[in-house]
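So the chains spell out like this:
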Amino acid sequence: MIRGVDHLGIAVRSIAESRVFYEALGLAVEAVEEVPGEGVRVAMIPCGAMRLELLEPTSGESPIARFLERRGPGLHHLCLATDDLGADDARLRAAGYQLLRPEPGRGAGGCWIQFVHPHSAGGVLVELSQPAAGAPGEAREEP
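Since this is a predicted model, take the numbers as computed values, not measurements.

Q: I'd like a rundown of the environment of Pro-63, residues and numbers included.
A: Mapped onto the elements, Pro-63 comes out in helix H2 (residues 63-71). Classification of Pro-63 as partly exposed rests on a relative accessible area of 38%. Between the C-alpha atom of Pro-63 and that of Val-40, which follows or precedes it by 23 residues, the distance is 8.6 Å.

Written as structure tokens, this is what we have:
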């Protein structure tokens, strides 16, 4: 079940250069991590009840590098938090929505993630994310 907005993904050419703007707003980078499987380095910036995720490509072949080449820096995706990614994945597939992966995989922070193609989501790339504490298909218990 979807629990709310987790983060907004923002494609940037350089985290070091881009974070300066957010820090000028009084926000602070919480963590920077490389996600080799996605070919990106990410910086998470808490912002109220959600986060901003700066996405810097580490490879010219990564999806973020291709996005920057086609569109330039800017909003890349909307991420929704879920407590049961396996069920959400199955429900969307059964309803005929186009997902970008054959099955959920690992993302930043060890979260389980899946992406919904923009053609299936009104032109928006939507990421679904379940915290690392639960595997897809296992409902996460409240702390």
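Picking up after the structure, the text goes on.
Q: Lay out the pattern of salt bridges with the relevant residues and their values.
A: The full count for this structure, using the stated rule, is 8 salt bridges. Linking Arg-3 and Asp-83 is a salt bridge whose minimum nitrogen-to-oxygen distance equals 3.4 Å. One end of the pair, Arg-3, is in strand S1 (residues 2-11); the other, Asp-83, is in the loop between strand S5 (74-82) and helix H3 (85-94), with 80 residues separating them in the sequence. As a salt-bridge pair, Glu-38 and Arg-101 come within 2.3 Å of each other at their nearest N and O atoms. Residue Glu-38 is located in the loop between strand S2 (31-35) and strand S3 (40-47), and its partner Arg-101 is located in the loop between H3 and strand S6 (105-106); the two are separated by 63 residues in the primary sequence. By relative accessible area, Arg-101 is classed as buried at 17%.

Q: How would you sum up the layout of surface pockets? Please name residues and give values.
A: For the largest pocket, the calculated volume is near 710 Å³. Around the largest pocket sit 35 residues that line it, and Ile-64, His-76, His-77, Phe-115 and Leu-125 are the ones nearest its centre. Of all the secondary structure elements, the ones that give two or more residues to the lining of the largest pocket are S1, S3, strand S4 (50-57), H2, S5, strand S7 (112-116) and strand S8 (126-130). If you tally residues by element for the lining of the largest pocket, the top one is H2, at 6 residues. Of the residues assigned to the lining of the largest pocket, the class counts are 19 nonpolar, 7 polar and 9 charged.

Q: Tell me what's going on with the sheet that holds S7, and back it up with residues and numbers.
A: Taken together, 8 strands build an open sheet; the order of strands is S2-S3-S4-S1-S5-S8-S7-S6 and the sheet is mixed. One side of each edge strand has no neighbouring strand; the edge strands of this open sheet are S2 and S6. The strands touched by helix H1 (residues 15-24) are S1, S2, S3 and S4; relative to S4, the strand with the most contacts, the crossing angle is about 155°. With respect to the sheet, H3 is in contact with S1, S5, S7 and S8, its orientation differing from that of S7 by roughly 20°.

Q: Which residues make up the state of the cysteines, and what values go with them?
A: Under the definition given, this model contains 0 disulfides. Cys-79 takes part in no disulfide bond, and the closest cysteine sulfur, belonging to Cys-111, lies 7.7 Å away.

Q: Summarise H3; cite the residues concerned and give the values.
A: The set of residues buried in H3 consists of Leu-85, Asp-88 and Asp-89. With its buried residues spanning 100° around the axis, H3 presents them on a single face. Counted as exposed and oriented over 90 degrees from the buried face of H3: Arg-91 and Ala-94. Among the structural elements, S1, S5, S7 and S8 are those in contact with the buried residues of H3. Within two residues after H3, Gly-96 carries a phi angle of roughly 90°, on the positive side.

Q: Please give an account of the environment of Glu-30 that cites residues and values.
A: Relative to the elements of secondary structure, Glu-30 occurs in the loop between H1 and S2. Take Glu-30: its relative accessible area is 53%, and that puts it in the exposed class. Beyond its immediate stretch of four places on either side in the chain, Glu-30 contacts Met-44, Pro-46 and Arg-51.

Q: Requested: an account of H1, with residues and values cited.
A: Along H1, the residues classified as buried are Ile-15, Ser-18 and Tyr-22. All buried residues of H1 lie within an arc of 75° about the axis, which places them on one face of the element. In this structure, H1 carries Ala-16, Glu-17, Val-20 and Ala-24 as exposed residues pointing more than 90 degrees from its buried face. On the buried face of H1, the contacting elements are S1, S3 and S4. Structurally, the start of H1 carries an N-cap: the backbone nitrogen of Ala-16 is 3.4 Å from a side-chain oxygen of Ser-14.

Reading guide: rules and limits
Residues numbered from 1 in each chain as written. Predicted model: local features only at pLDDT ≥ 70, side-chain atom pairs only at ≥ 80, totals over all residues. Heavy atoms only, no water. Helix = DSSP H or I, 4+ residues; strand = E, 2+ residues; numbered from the N terminus. Buried < 20%, exposed > 50% of the residue type's maximum accessible area, 1.4 Å probe, protein only. Salt bridge = Lys/Arg side-chain N within 4 Å of Asp/Glu carboxyl O. 1 Å grid on protein atoms, 1.4 Å probe; cavity = no way out; pocket = protein on both sides within 12 Å on 5 of 7 lines; lining within 4 Å. Points joined across faces, edges and corners; volume = space filled by probe spheres on them. Nonpolar A, V, L, I, M, F, W, Y, C, P; charged D, E, K, R; others polar. Pairing = 2+ DSSP bridges. Contact = heavy atoms within 4.5 Å. Axes fitted to C-alpha atoms, helices over the stretch in contact; angles between N-to-C directions. Disulfide = S-S within 2.5 Å. Arc of directions from axis to C-beta. Polar contact = N/O pair within 3.5 Å; in protein donor to acceptor, adjacent residues only side chain to side chain.

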